[in-house]
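Below are the chains, spelled out letter by letter.
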Amino acid sequence: MKPFEKLLLENKAWAEEKITREPDYFKRLAEVQRPNFLWIGCSDSRVPAELIVNAEPGEIFVHRNIANQVITTDFNSLSVVQFAVAVLKVEHVIVCGHYSCGGVKAALDKQRSDLTLVNKWLMHVKDVYRFHQDEIEALSTRDAQINRLVELNIIEQVYKLAHTSIIQRAWKKEGRPVLHGWVYGLDDGLIKDLISLTPDHRLEPIYQYSDPA
Ligand SMILES: [Zn+2]
C-alpha cells in the first residue's frame, strides 16, 4: 500500500467509527458551522490544532502557516481573520506557536539562497529578533535563544492582530474577541499561556483607528 492510500483507508475507518457512535454525526456537522475559536498556528505537523486541545470538528476555525504569523500584507491570514471575526463571530482568537519551531530556528540563521519565498516569509521573524536582540543574545544556549524568540514572535503576532481594523472594529462595536498568545511544548504536550488582550486593551495611539470601519 502506498502511504497516501493508507490515509484514504484511515479516512473510511474514521468516518465509519463516527457514524457507529452517532448516526447523525456528519448530518449535524454539515448543517452549520459555529466555532467559538479562531486558531492561528504553525504548519508544523507535530502541532495539530484540534488534536492537542481535544476538540471536535466544528469547534475551531483554523489557519496555519510557517511560524504562526499574522502579516498585514498577507490576504490569506487576514481573510481568515476577517471571516472568523466578522461572520463566524468567534469569541477568541488564539495564536499558538511552539518551542523548537523550525521556522523560528531558520529565521535565526543565514538566508538560504534556494528558499527565496521562505526567506521573505521569515523576514518578519527576523524583525522580531532585531527588536529584542539584546535580550535574546543574553541567553547562553542556542536552544534558549530559539525558544525565547518563539515566545516573542507569538506575542508580536497577538499585537499585530490588535493593530488590524478587523479586531479594533469588533472590539469597539461588539466587545469581542479576546486575543490569546499560547506556546506549545513539543516535549511535554502542554500549552503555556503567554499573553491575552481583551477588548478594553489600550493600544499605542499610532496603531489606533480613529473610526475602525
Ligand atoms: Zn513551527
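Conventions we followed
- Residues numbered from 1 in each chain as written.
- Predicted model: local features only at pLDDT ≥ 70, side-chain atom pairs only at ≥ 80, totals over all residues.
- Heavy atoms only, no water.
- Helix = DSSP H or I, 4+ residues; strand = E, 2+ residues; numbered from the N terminus.
- Buried < 20%, exposed > 50% of the residue type's maximum accessible area, 1.4 Å probe, protein only.
- Contact = heavy atoms within 4.5 Å.
- Areas by Shrake-Rupley, 256 points an atom, 1.4 Å probe, with all protein chains shown as cover.
- Lys, Arg positive; Asp, Glu negative; His and termini not counted.
- Charge placed at Lys NZ, Arg CZ, Asp CG, Glu CD.
- Expected span 1.5 Å × (residues − 1).
- Bend = angle between axes of the 7 residues up to and from the residue.
- Donors = N, O, S within 2.8 Å, 3.2 Å for Na, K, Ca; no water.
- Domains from an automatic or database assignment.
- Pairing = 2+ DSSP bridges.
- Axes fitted to C-alpha atoms, helices over the stretch in contact; angles between N-to-C directions.
- Parallel < 35°, antiparallel > 145°, perpendicular 65-115°, else oblique.
- Left-handed = near helix turned anticlockwise from the far one by under 90°.
- Nonpolar A, V, L, I, M, F, W, Y, C, P; charged D, E, K, R; others polar.
- Core = buried A, V, L, I, M, F, W, Y, C linked by side-chain atoms within 4.5 Å.

Trainee: If you had to explain the overall build of the protein to someone new, which residues and values would you point to?
Mentor: Along its length, the protein carries nine helices and five strands. What you see in the protein, going N to C, is helices and strands ordered as α-α-β-α-β-α-β-α-α-α-α-α-β-β. Within the protein, buried positions represent 39% of all 213 residues. Taking all contacts inside the protein whose residues are at least 6 apart in sequence as the whole, residues at least 24 apart take part in 64%. Surface accessibility of the protein: about 12700 Å² in total, with carbon and sulfur atoms responsible for 54%. Charge separation in the protein, taken as the distance between the mean sites of 26 positive and 29 negative side-chain charges, equals 4 Å.

Trainee: How would you sum up helix 6 (residues 116-131)? Please name residues and give values.
Mentor: An ideal rise of 1.5 Å per residue puts 22 Å on 16 residues; helix 6 measures up with 23 Å between its terminal C-alpha atoms. Remark: the principal bend of helix 6, roughly 35 degrees, maps to Leu122. Those residues of helix 6 lying buried are Asn119, Leu122, Val125, Lys126, Val128 and Tyr129. The elements touched by buried residues of helix 6 are helix 5 (102-107), helix 7 (133-137) and helix 8 (142-162).

Trainee: Tell me about unusual backbone geometry, and please be specific about residues and values.
Mentor: Cis rather than trans, the peptide bond between Arg176 and Pro177 has omega equal to -5 degrees. Even without being glycine, Ala67 reaches a positive phi, approximately 65 degrees. Residue Ser100 is not a glycine yet carries a positive backbone phi of 60 degrees. Along the chain, the position of Ser100 falls in the loop between strand 3 (92-98) and helix 5.

Trainee: I'd like to hear about the coordination of the zinc ion, residue by residue, with values.
Mentor: Only Cys42 (SG), His98 (NE2) and Cys101 (SG) from the protein coordinate the zinc ion, and they sit 2.1 to 2.3 Å from it. Mapping the donors of the zinc ion onto the primary sequence yields the spacing C-x55-H-x2-C. Pair noted here: Cys42 is in strand 1 (residues 37-42) and His98 is in strand 3, with a separation of 56 residues, a long-range link. As far as the burial class goes, Cys42 and His98 line up, both buried.

Trainee: Break down the domain arrangement of the protein for me, with residues and values.
Mentor: Once the domains are mapped, the protein shows domain 1 (1-31) and domain 2 (34-207). Using only C-alpha atoms to locate each centre, domain 1 and domain 2 end up separated by 31 Å.

Trainee: So what's going on with the sheet that holds strand 1? Which residues, and what values?
Mentor: Spatially, the five strands line up as an open sheet ordered 2-1-3-4-5, and their pairing is mixed. Here the strands that pair on one side only, and so sit at the sheet edges, are strand 2 (60-65) and strand 5 (191-197). Neighbour-to-neighbour, the strand axes of this sheet turn through a mean angle of 20 degrees, independent of strand direction. In this structure, strand 1 lies alongside strand 3, joined through five bridges in parallel fashion. Its bridge partner lying in strand 3, Trp39 is registered against Ile94. Across the face of the sheet, helix 4 (residues 75-87) comes into contact with strand 1, strand 2 and strand 3 while running at roughly 170 degrees to strand 2.

Trainee: Any chance you could break down the packing of helix 4 against helix 9 (residues 165-174) for me, citing the residues and the numbers?
Mentor: Interaxial distance between helix 4 and helix 9 falls to 9 Å at its minimum, and their mutual angle equals 15 degrees. In terms of their interaxial angle, helix 4 and helix 9 are classed as roughly parallel. Handedness of the helix 4/helix 9 crossing: left-handed. Facing Leu78, Val81, Gln82 and Val85 of helix 4, the residues of helix 9 in contact are Ile166, Ile167 and Ala170. Here the residues of the contact of helix 4 with helix 9 are counted per class, giving six nonpolar, one polar and no charged.

Trainee: Now, about the nonpolar core: what can you tell me, with residues and values included?
Mentor: Buried together is how nonpolar side chains tend to be arranged in soluble globular proteins. Counting residues in hydrophobic clusters, the biggest one holds 42 residues, and the most contacted among them are Leu38, Leu161 and Leu179. Leu179 has contacts with Val93, Val158, Leu161, Ala162, Ile167, Trp171, Ile195, Ser196 and Leu197, leaving out every residue within four places of it along the chain. Within the second largest apolar cluster, nine residues are counted, among which are Val47, Ala55, Ile60 and Trp182.

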